[in-house]
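Working through the structure, step by step
Next come the chains, spelled out residue by residue.
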Amino acid sequence: MGLQQFEQRLERLVEGAFAKAFRGVLQPVEIGRRLTREMDLQRAVIVSGILAPNSFEVLLSREDYERFDSFVTVLASELAEAAKQHAEDENYVFLGPVEVTVGWSEELSKSTFSVTSDFVEGDPPPPSWLILANGTRISIEDEPLTIGRLPECAVVINDHNVSRRHAQVFRDGDAIIVADLDSTNGTKVNGQSITQVRLNDGDVIMVGTTRIYFETAREDTPE
């Protein structure tokens, strides 16, 4: 499924702006196939799952590169997005953000190309916390935090208006997400009812009659 979606995305490009540049020569789909195969070949089993490379260098012949030089940025972006989709379909994990660069080499002849990959660790996400009304700060790590009345919840709220498992806060890449868990009275962020929303520094989560504050370190926050 991942490779099929990968190819469909790139084929749409060929039907549009790329059609003239690639007519009769190298096709973006060929690069996509090679890149996904590179992910599959270089994958490694680690404790947290199956690790795939996240940094890719695509080299073309000089002639091919010059033929569609104005589309290189779009091609790299589409390749990166499709690589993410392939990883999602195959349950791969990454060390950091996916990056694809496209360049050229004098050693390559027309319609030939190479794809190399590497595992590149990204910068750790900024620390973030949930702050309760009594001042308790709960750090948001990799594991989701469930908010509710049950004693086993990570954030236990003694409020009869709060469901046993009311809401959940979790990381999604660099983002922190809060999602309502089909609670009886719903979840609000800054006074607005939500199903799922990305949190920003200073947001106020309301579960029942209880306020929970969200705080995250910003780049300009002194250490």
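To keep things clear, this report deals only with the structure shown in the data block. (Residues numbered from 1 in each chain as written. Predicted model: local features only at pLDDT ≥ 70, side-chain atom pairs only at ≥ 80, totals over all residues. Heavy atoms only, no water.)

A separate point is the side chain of His166. Of note, His166 is situated in the loop between strand S10 (155-156) and strand S11 (167-172). Leave out the neighbours within four places in its chain, and His166 touches Ile147, Gly148, Asn161, Asp180, Leu181, Ser183, Gly186, Thr187, Val207 and Gly208. (Helix = DSSP H or I, 4+ residues; strand = E, 2+ residues; numbered from the N terminus. Contact = heavy atoms within 4.5 Å.)

The next point concerns the layout of surface pockets. Over the atoms rolls a probe the size of a water molecule, and in doing so it shows where empty space is left. Size it by volume and the largest pocket reaches roughly 860 Å³. The wall of the largest pocket is formed by 18 residues, among which Phe94, Leu95, Pro125, Gly173 and Asp174 lie closest to the centre. When grouped by side-chain class, the residues that make up the lining of the largest pocket number 8 nonpolar, 4 polar and 6 charged. (1 Å grid on protein atoms, 1.4 Å probe; cavity = no way out; pocket = protein on both sides within 12 Å on 5 of 7 lines; lining within 4 Å. Points joined across faces, edges and corners; volume = space filled by probe spheres on them. Nonpolar A, V, L, I, M, F, W, Y, C, P; charged D, E, K, R; others polar.)

Turning next to the sheet that holds strand S1 (residues 44-46). Consider a sheet: its strands pair through backbone hydrogen bonds, and that pairing is either parallel or antiparallel. One open sheet accounts for 3 strands, arranged S1-S2-S4; its pairing is mixed. A single partner strand is all that each edge strand has here, and the edge strands are S1 and strand S4 (92-93). With 2 bridges joining them, strand S2 (residues 49-51) and S4 adopt parallel strand pairing. Looking across to S4, one finds that Leu51 is bridged to Val93. (Pairing = 2+ DSSP bridges.)

Core analysis: the biggest nonpolar cluster contains 23 residues, and Ile31, Leu35, Met39, Val58, Leu60, Val100 and Val102 have the highest contact counts within it. Elements with a minimum of two residues in this core: helix H3 (28-42), strand S3 (55-61), helix H5 (72-90), strand S5 (99-105) and strand S6 (113-118). The element best represented in this core is H5, accounting for 7 residues. Beyond its immediate stretch of four places on either side in the chain, Met39 contacts Ala52, Pro53, Phe56, Ala83, His86, Ala87, Tyr92 and Phe94. (Core = buried A, V, L, I, M, F, W, Y, C linked by side-chain atoms within 4.5 Å. Buried < 20%, exposed > 50% of the residue type's maximum accessible area, 1.4 Å probe, protein only.)

In space, the 6 strands of this open sheet follow the order S8-S7-S17-S16-S13-S14, with antiparallel pairing throughout. Of all the strands in the sheet, the pair left with one neighbour each is strand S8 (137-139) and strand S14 (192-194). With direction set aside, neighbouring strand axes in the sheet form an average angle of 30 degrees. Judged from the 3 bridges that link them, strand S7 (residues 128-131) and S8 form a sheet pairing that is antiparallel. Its bridge partner being in S8, Leu130 is matched across the sheet by Ile138. (Axes fitted to C-alpha atoms, helices over the stretch in contact; angles between N-to-C directions.)

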